[in-house]
Amino acid sequence: GGIITQTPKFLIGQEGQKLTLKCQQNFNHDTMYWYRQDSGKGLRLIYYSITENDLQKGDLSEGYDASREKKSSFSLTVTSAQKNEMAVFLCASSIAGLGPSGQLYFGEGSKLTVL
Amino acid sequence: SQWGEENLQALSIQEGEDVTMNCSYKTYTTVVQWYRQKSGKGPALIILIRSNEREKRSGRLRATLDTSSQSSSLSITGTLATDTAVYFCAIRSSGSWQLIFGSGTQLTVMP
């Protein structure tokens, strides 16, 4: 088995601040994802990376940057934190090339609070 | 892609009851994945159903898939308090790397 570790678990920042969330996986998976989960709502895709050195925007990428430093790590930066983007950010990984059957493995999430 | 913007549905039942949650989607897919998310944790896959299966069982879980109506259901029989969680369906359209999640159902099972 493997694990996905997200740091920090709780992140508090000021409005307008640049904030970074980190994700590490030891599954040796090729593909990694960042989702945002607002309270009482579903998951929306921010960024994903099919393989190392790849970066793809999801539907919610505006206001965010991402970086795939190496195969095992994927970071997400909130470029200018706003109060309306307080949410839980979930990192996930999957094996590439499995098509629609490929399942995602998730971390436990990082909760962002903006003051 | 607008799916996740909708509000969670909420269901509250007594332990021992059976429950069915539904999922309708608009993008063609041959596979529907169902995830469960317990409080404070990330979602985890609990059952996956392919279009050639129509019905899939795993323990107390039963999933169905109707590609003609683009809908899937997840049933849990003999619910336990530990089944309390949010349940999401998720699909990946053909040729896409994106796994799109439904808005989810918050299931509360009272002991």
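In what follows, the structure referred to is the one given above.
Residues numbered from 1 in each chain as written. Chains lettered and ligands numbered in written order. Predicted model: local features only at pLDDT ≥ 70, side-chain atom pairs only at ≥ 80, totals over all residues. Heavy atoms only, no water.

A. Quick peek at the sheet that holds strand 2 (residues 19-24) of chain B. All names here are of chain B. Spatial ordering of the open sheet is given by 2-7-6-5, a layout of 4 strands whose pairing is antiparallel. If you trace the sheet from one side to the other, it starts and ends with strand 2 and strand 5 (55-58), each paired once. The average undirected angle you get between the axes of adjacent strands in this sheet is 15°. (Pairing = 2+ DSSP bridges. Helix = DSSP H or I, 4+ residues; strand = E, 2+ residues; numbered from the N terminus. Axes fitted to C-alpha atoms, helices over the stretch in contact; angles between N-to-C directions.)

B. Just the interface of chain B and chain A, in detail. Counting residues at the interface gives 27 residues for chain B, matched by 27 residues for chain A. Between chain B and chain A, a total of about 2,200 Å² is buried, with carbon and sulfur atoms accounting for 52% of that surface. Interface area lost by chain B to chain A is led by R92, W97 and Q98 of chain B, which between them contribute 29%. In this assembly, chain B and chain A are joined by 1 salt bridge. Close ionic contact of E108 of chain A with K41 of chain B constitutes a salt bridge, the shortest N to O distance being 2.9 Å. Across the chain B-chain A interface, the total number found is 7 residue pairs in polar contact (both at pLDDT 80 or more). Every element with two or more residues in the side of chain B that touches chain A is listed here: strand 3 (31-37) and strand 4 (44-50) of chain B. (Contact = heavy atoms within 4.5 Å. Buried area = accessible area lost by both parts, 1.4 Å probe. Salt bridge = Lys/Arg side-chain N within 4 Å of Asp/Glu carboxyl O. Polar contact = N/O pair within 3.5 Å; in protein donor to acceptor, adjacent residues only side chain to side chain.)

C. Structural detail: unusual backbone geometry. The omega angle of the peptide bond from T7 of chain A to P8 of chain A is -10°, so this bond is cis rather than trans. Its location among the elements puts P8 of chain A in the loop between strand 1 (4-7) and strand 2 (10-13). Positive phi is not limited to glycine here, since N53 of chain A has a value of about 80°. Inspection of the secondary structure assignment puts N53 of chain A in the loop between strand 5 (43-49) and strand 6 (56-57). Its identity as a non-glycine residue notwithstanding, R54 of chain B has a phi of 60°, on the positive side. Along the chain, R54 of chain B turns up in the loop between strand 4 and strand 5.

D. Spotlight on the environment of E69 of chain A. Residue and element names in this part refer to chain A. Along the chain, E69 turns up in strand 7 (residues 64-70). Along the sequence, E69 and K41 sit 28 residues apart, while their C-alpha atoms lie 30 Å from each other. With sequence-adjacent residues up to four places away left out, E69 is seen in contact with E52, F74 and S75. Here the side chain of E69 touches S67 through a polar contact of 3.5 Å, side chain to side chain. A distance of 2.6 Å separates the side chain of E69 from the side chain of S75, its partner in a polar contact.

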